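Geometric and topological summary
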Amino acid sequence: MKTLLRLRSLLEILRSMAILVLMCVPVHAQWVKVPAPSIPRSPDGKPNLAAPAPRLPDGHPDLSGIWEQNGNKYVQNLAADLKPGDVPYLPWAKALADERADGSHSGEDPTANCLPQGVPKINGAPPPWKVVQTPGFVVILYEALNLFRQIFLDGRELGEDFPPTWLGYSSGKWEGDTLVVDTRGFNGKAWLDQLGKPATDALHVIERFRRKDFGHMDIQITIDDPKTYLKPWTVTEQVHLLTNTELMESICNENNIDVQHLPHTSTK
């Protein structure tokens, strides 16, 4: 068992190191004649990430920019900040989560098989993501697998006849300076984190994006899945702005060499 855990940890470390190398490539390594960005700066010329958050003409905070997690703990364990027992599993879900938690099913993680990480796991993954904000919708472009989300702000609601998806269907509204995003319509195949917390097609995710200042944003995440958990539960993640980079192409394919080294019990 300890050998499996060490193997899994080593693979995750190596994968994260490779991702971080790509993430640290400055924008001028990809492009030339790059216009100077409008970034508030301290007297020493460094970006002032503590400056006030920018706002759009409509008065709402501008969430635009390239963001990344403060570390990788939430992609590993979404409930990293909670006490043991604070995740209100239904019995079947607790048994499955416990079975996966030792790493013996890592090869069954959809991410290990080049499948999307799902929401909210994808926000906690090491690769950065870019927010593009307009008055009518927000788009999030993920470096991970080159995925995207559309968050519609025009009041539309999800109907009954929809194809289930990995990232769901998102609509949003502003509550003061907080963008509240409501996402449903999942296919129930994604893991909530690398430990393997399960979810079903009844999953409903509520995210509250609050840009605290120019360089820092909180994302409060509520997991509501009545088929998996006794009641909704909430965590808060922190992300920070990257000021001198761009997204890279990140492709995963069926020749992924990591998965053959990860333990799993299912056969294909």
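Quick look at the structure, then.

So, how was this worked out
- Residues numbered from 1 in each chain as written.
- Predicted model: local features only at pLDDT ≥ 70, side-chain atom pairs only at ≥ 80, totals over all residues.
- Heavy atoms only, no water.
- Phe/Tyr/Trp six-rings, centres within 6.5 Å; stacked < 30°, edge-to-face > 60°.
- Lys NZ or Arg CZ within 6 Å of the ring centre and 35° of its normal.
- Helix = DSSP H or I, 4+ residues; strand = E, 2+ residues; numbered from the N terminus.
- Buried < 20%, exposed > 50% of the residue type's maximum accessible area, 1.4 Å probe, protein only.
- Polar contact = N/O pair within 3.5 Å; in protein donor to acceptor, adjacent residues only side chain to side chain.
- Contact = heavy atoms within 4.5 Å.

**Some points on the packing of aromatic side chains**
Inspection of every chain in the model, using the stated rule, returns 4 aromatic pairs. Plain terms: the ring middles of Tyr-229 and Trp-233 are 5.6 Å apart, the flat faces sit at 65° to each other, and that makes the pair edge-to-face. Among the aromatic residues, those joined into a cluster by ring pairs are Tyr-89, Tyr-229 and Trp-233. Taking the ring centre of Phe-152 as reference, the NZ or CZ of Arg-156 above it sits at 3.7 Å. Taking the ring centre of Phe-214 as reference, the NZ or CZ of Arg-211 above it sits at 5.1 Å.

**Remarks on the side chain of Ser-170**
Here Ser-170 is to be found in strand E5 (residues 169-175). Taking relative accessible area as the criterion, Ser-170 reaches 7% and is therefore assigned buried. Of the polar contacts made by the side chain of Ser-170, one reaches the side chain of Thr-183; its length is 2.7 Å. Discounting chain neighbours no more than four positions away, the residues touching Ser-170 are Arg-149, Gln-150, Ile-151, Phe-152, Val-181, Asp-182 and Thr-183.

**Comments concerning unusual backbone geometry**
Looking along the chain, the bond that leaves Val-119 and enters Pro-120 is cis, with omega of 10°. Even without a glycine there, the phi angle at Leu-145 is positive, about 60°. With respect to the secondary-structure elements, Leu-145 resides in the loop between strand E3 (137-142) and strand E4 (148-152). A relative accessible area of 24% means that Leu-145 is categorised as partly exposed. Not every positive phi belongs to a glycine, and Asn-146 is a case in point at roughly 55°.

Without other data, these values stay purely geometric and don't point to any function.
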